[in-house]
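Working through the structure, step by step
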Protein chains: 2
Amino acid sequence: MPLMPSTPASPSTPSLPGRCPTRITALAGGIGGARFLRGLRAYLDRLAPSLDGPVELTIVGNTGDDIWLHGLRVSPDLDTLLYTLGGGVHEGQGWGRADETFAVQTELLAYGSGPDWFGLGDRDFATHIMRSRLLAQGDTLSQVTARLADRWGLPEQHIRLLPMTDQPVETHVIVPESAFPDAEQADSAATDGERAIHFQEWWVRHQAALPASRFVVAGLDRASAAPGVLDAIRGADLVVLPPSNPVVSIGIILLVPGVREALRGTSAPVVGISPIVAGRPVRGHADACLDAIGVETSAAAVAGLYADFLDGWLVADSDDDAVDTLRRTQPDLVVEAHPLLMSGPDATEAIAAAAVDLGVRLAERRRDAGPGSATA
Amino acid sequence: MPLMPSTPASPSTPSLPGRCPTRITALAGGIGGARFLRGLRAYLDRLAPSLDGPVELTIVGNTGDDIWLHGLRVSPDLDTLLYTLGGGVHEGQGWGRADETFAVQTELLAYGSGPDWFGLGDRDFATHIMRSRLLAQGDTLSQVTARLADRWGLPEQHIRLLPMTDQPVETHVIVPESAFPDAEQADSAATDGERAIHFQEWWVRHQAALPASRFVVAGLDRASAAPGVLDAIRGADLVVLPPSNPVVSIGIILLVPGVREALRGTSAPVVGISPIVAGRPVRGHADACLDAIGVETSAAAVAGLYADFLDGWLVADSDDDAVDTLRRTQPDLVVEAHPLLMSGPDATEAIAAAAVDLGVRLAERRRDAGPGSATA
């Protein structure tokens, strides 16, 4: 039964020493997930003096955005997580490296090597060169990611970043042929009237403005969860869904074989933060993604996508109508309203604190109810 | 029989309209070859108004220097030729791009990706990314080089740049184990007391200061001349050997199956420019390379390496003793002394003019002597 909205925990006065989970696992996309997780890490570090040991944070990153550019393997969401958590991100844009230059891409365009719509800075190129080199040597994406994470100091922060899968998986967007300009339209007879384009082309080049009829994840039939992913979900004390895109970030991770089952089966509470605030995505094009799969852009509707495993849900205080809606549609879900705009480090930490606090209360309620009701 | 040293042709008063060869083929290494060939192209362009059509210049570039760095294929000599002939070279150092920045390499070193002794600028990286991408797609090195040459405007200059071979070939230097610092020495029993290191490691990292006992070209057993190479030698009106390193640049090209035979068999005169001036290499470590193969560092001794196909040889006027020496040792070789320091564009053009002029006189002498003596 849902609790009433509580006063959110303040990051300056942690409420949880002694009850804090020690193993937290999060599923994450790029910018929104990375910023939230940086706030979560900061909040957990603030608690540290009163805890017995460090809280281990495992992040399962979406790799459906991955793309080959200029012959190099680019993992946009993993890179955004690395740069944000490692202190190298361009804060203004939320992705890519700070203080970038663009000599390499300028030259590649002079050589006729496109595309020109995906901006890659020189520092960022080094990451892709390093990743591609290691993959070519036979390292798995998990191994590569661990090596990149070493350089960004993630182990010292007690953060483990895992790709959702080691197999190359790429999200494509199915767009009606008629949505392209006349001059660019292919012969409809040959294409059944629609075309699959890489997610990045749809998201970055077309700014999600082309109508999407559905998403297809190429390679998923040969994919399995990367080492550690399922165990991190099953063995966590708390699973968190940051305010990442529910369709093309978290939604893609959920398609990896075993992930959804692990979330259903874990004894840890699963707490999510709504990426929809005041009926709109805070950032990015989640509304276009939700449209494509026929789901309303609302905090309540997103919770519905996670209905089979979600235990707690933070919605924006501007969306407190979702509390009532979800009380009817998902009566077992604990929904709380909280300010959800990550307007700065303090605000983000406060959201993270609220999520942890909700997770702690859910876990305590489970303990009180006994093991038999853990996954009810 | 050698002609006496002639007054060199001045680039401002071309002496050759109507007699100029229309197809010139050159074998070349990096800096010295590239600078000479830029001067040759300028000289030929100066002649153009008085010629029936453009002189086609085919350059066969050494690829023994090629190396994988950071998982990318680097072709130092081809790149130096591209940048120099295309107007993008760093004039001061003679290789790499002008106005470089080093963000990518700085980041790669932060990731622990070496080596740190081979400087790659950001603009230069774009070339290696482009080459590697195209090679990975299945293009041959010839095809890749042609595409890179397009961007540098070589076709418009009537320059065709060919790699000596499309197969990956890498020159290695055999160094006695004892030459390495004690701490770096491997177990001699396991290595027979010597070690093969990549040519670039010897040349760039160790500045050719480690004693070399010989050179070994890995991959040469599976190599064949790239498309067009042998035809360009056989079908030329003049073959030129620029003042490139006779051992590790031109010497490596000569090892490609068929190249030496084509040079012996071509009806075109083969004219070389000594890379040794005043008994020393003008630049680079040709003396160390000659030492390694037991050849004296002199203009005469280098001509001896080409004795089986060389028709004309320009030596520096400071080395005019080579004229007498070679009159005794290679009586069929026409040797002329000329200022050979490429101190600026005019001086370089004058050297190129002298080489073309010598080639024209050799060709005329052959015509006068009749076809039967062409390859005598």
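Everything numeric here is computed off the predicted structure, so don't read it as measured data.

1. Some words on the sheet that holds strand 5 (residues 159-163) of chain B
All names here are of chain B. Pairing is parallel across the open sheet formed by 7 strands, whose spatial order is 5-2-1-9-10-13-14. For this open sheet the edge positions go to strand 5 and strand 14 (334-338), each flanked by a neighbour on one side alone. Pairs of neighbouring strands in the sheet enclose a mean axial angle of 20 degrees, with direction left out of account. Alignment of strand 13 (residues 312-316) against strand 14, held across 5 bridges, turns out to be parallel. Opposite Ala316, over in strand 14, you have His338 as the bridge partner. Here helix 1 (residues 31-47) sits on the sheet in contact with strand 1 (23-28), strand 2 (56-61), strand 5, strand 9 (238-241) and strand 10 (270-273), set at roughly 165 degrees to strand 1.

2. A look at the relation of the copies chain A and chain B
Each copy superposes on the other: chain A lies on chain B with an RMSD of 0.0 Å after a rotation of 180 degrees and an axial shift of 0.0 Å. In symmetry terms, the pair is related by a two-fold rotation axis. Of the C-alpha atoms belonging to chain A, the one lying closest to the rotation axis is found on A:Asp122, 3.5 Å away. A share of 100% of interface residues in chain A that are also interface residues in chain B marks the association as one of identical surfaces.

3. Here we look at the interface of chain A and chain B
Contacts between the two partners involve 27 residues from chain A, matched on the other side by 27 residues from chain B. Note on chain A versus chain B: buried area summed over both sides is about 2,300 Å², and carbon and sulfur give 62% of it. For the pair chain A and chain B, the number of links is 4 salt bridges. For A:Arg151, the salt bridge goes to B:Glu107, with nearest N and O atoms at 2.4 Å. At the boundary of chain A with chain B, the tally comes to 14 residue pairs in polar contact (both at pLDDT 80 or more). Per-element accounting of the side of chain A that touches chain B gives the leading share, 8 residues, to helix 4 (residues 122-136) of chain A. Of the residues contributing to the side of chain A that touches chain B, the split by class is 13 nonpolar, 7 polar and 7 charged.

4. Topic: the sheet that holds strand 6 (residues 170-176) of chain B
Residue and element names in this part refer to chain B. On the basis of which strands lie adjacent, the open sheet formed by 3 strands has the order 7-6-8 and antiparallel pairing. Taken across any chain shown, the strands that pair with only one partner, and hence form the sheet edges, are strand 7 (194-198) and strand 8 (214-218). Going from strand to strand, the sheet's axes swing by 35 degrees on average, the running direction of each strand aside.

5. Looking at the packing of helix 1 (residues 31-47) of chain A against helix 14 (residues 345-369) of chain A
All names here are of chain A. It is the contact of helix 1 with helix 14, at a shortest axis distance of 8 Å, that shows an interaxial angle of 75 degrees. Classed by the angle they form, the pair helix 1 and helix 14 counts as roughly perpendicular. Between helix 1 and helix 14, the residues in contact are Arg35, Phe36, Gly39, Leu40, Ala42, Tyr43 and Arg46 and Thr348, Glu349, Ile351, Ala352, Ala353, Ala355 and Val356, respectively. Taken together, the residues that form the contact of helix 1 with helix 14 break down as 9 nonpolar, 2 polar and 3 charged.

6. Concerning unusual backbone geometry
Residue A:Pro115 is bonded to the preceding A:Gly114 through a cis peptide linkage, with omega at 0 degrees. On the secondary structure map, A:Pro115 appears in the loop between helix 3 (103-110) and helix 4. A positive phi angle, close to 60 degrees, is found at B:His158, a residue other than glycine. Of note, B:His158 is situated in the loop between helix 5 (141-151) and strand 5.

7. Some points on the pattern of salt bridges
One pass over the structure, following the stated rule, counts 38 salt bridges over all chains. As a salt-bridge pair, A:Arg361 and A:Asp357 come within 2.8 Å of each other at their nearest N and O atoms. With A:Arg361 and A:Asp357 both in helix 14 and 4 residues apart, the pair spans about one turn of that helix. Using a relative accessible area of 19% as the deciding quantity, one classes A:Arg361 as buried. Across the pair B:Glu170 and B:Arg73 runs a salt bridge whose closest N-O atoms are separated by 2.5 Å.

8. Here's the deal with helix 4 of chain A
Residue and element names in this part refer to chain A. Compared with an ideal rise of 1.5 Å per residue, which puts 15 residues at 21 Å, helix 4 spans 21 Å between its outermost C-alpha atoms and is within 8% of the ideal. Here helix 4 lies mainly inside the structure; 11 of its 15 residues are buried. For helix 4, the full list of buried residues reads Asp122, Asp124, Phe125, Ala126, Thr127, His128, Ile129, Met130, Arg131, Ser132 and Leu134. Looking at the residues trailing helix 4, positive phi occurs at Gly138, about 105 degrees.

9. Re a negative patch on the surface
A surface patch of like charges, here negative, comprises A:Asp317, A:Asp320, A:Asp321 and A:Asp324. Mapped onto the elements, A:Asp321 comes out in helix 13 (residues 321-329).

10. Let's talk about the confidence of the model for chain A
With 92% of its residues at a pLDDT of 70 or more, chain A has an overall mean of 91. In this model, residues 1-14 of chain A is a region of pLDDT below 50 whose contacts with residues beyond four sequence positions or in other chains number 32 contacts.

11. Focus: the pairing of strand 1 of chain B
All names here are of chain B. For strand 1, the tally of buried residues reaches 5 of 6 residues, placing the bulk of the element in the interior. Direction of pairing for strand 1 relative to strand 2: parallel, over a ladder of 6 bridges. Note that in strand 2 the partner of Arg23 across the bridge is Glu56. Of the crossover connections in this fold, the one passing from strand 1 over helix 1 to the parallel strand 2 is right-handed. Pairing of strand 1 with strand 9, which is carried by 3 bridges, proceeds in the parallel orientation. Looking at the pairing, Ala26 lines up with Val240 of strand 9.

12. Some remarks on the packing of helix 2 (residues 76-86) of chain A against helix 4 of chain A
Angle between the axes and distance between the axes: these two values describe a pair of packed helices. All names here are of chain A. Two numbers describe how helix 2 lies on helix 4: the axes approach to 12 Å, and their chain directions differ by 120 degrees. Here helix 4 runs oblique to helix 2, going by the angle between their axes. The handedness of the crossing between helix 2 and helix 4 is right-handed. Of the residues in helix 4, those touching helix 2 at Leu78, Asp79 and Tyr83 are Asp124, Thr127, His128 and Arg131. Counted by class, the contact of helix 2 with helix 4 contains 2 nonpolar, 2 polar and 3 charged residues.

Cut-offs applied
- Residues numbered from 1 in each chain as written.
- Chains lettered and ligands numbered in written order.
- Predicted model: local features only at pLDDT ≥ 70, side-chain atom pairs only at ≥ 80, totals over all residues.
- Heavy atoms only, no water.
- Pairing = 2+ DSSP bridges.
- Helix = DSSP H or I, 4+ residues; strand = E, 2+ residues; numbered from the N terminus.
- Axes fitted to C-alpha atoms, helices over the stretch in contact; angles between N-to-C directions.
- Contact = heavy atoms within 4.5 Å.
- Least-squares fit on C-alpha atoms with pLDDT ≥ 70 in both.
- Buried area = accessible area lost by both parts, 1.4 Å probe.
- Salt bridge = Lys/Arg side-chain N within 4 Å of Asp/Glu carboxyl O.
- Polar contact = N/O pair within 3.5 Å; in protein donor to acceptor, adjacent residues only side chain to side chain.
- Nonpolar A, V, L, I, M, F, W, Y, C, P; charged D, E, K, R; others polar.
- Parallel < 35°, antiparallel > 145°, perpendicular 65-115°, else oblique.
- Buried < 20%, exposed > 50% of the residue type's maximum accessible area, 1.4 Å probe, protein only.
- Expected span 1.5 Å × (residues − 1).
- Patch = residues over 30% accessible without salt bridge, like charges linked within 9 Å, V, L, I, M, F, W, Y side chains within 5 Å.
- Areas by Shrake-Rupley, 256 points an atom, 1.4 Å probe, with all protein chains shown as cover.
- Lys, Arg positive; Asp, Glu negative; His and termini not counted.
- Charge placed at Lys NZ, Arg CZ, Asp CG, Glu CD.
- pLDDT = per-residue confidence, 0-100.
- Right-handed = clockwise from strand over helix to strand, strands pointing away.
- Left-handed = near helix turned anticlockwise from the far one by under 90°.

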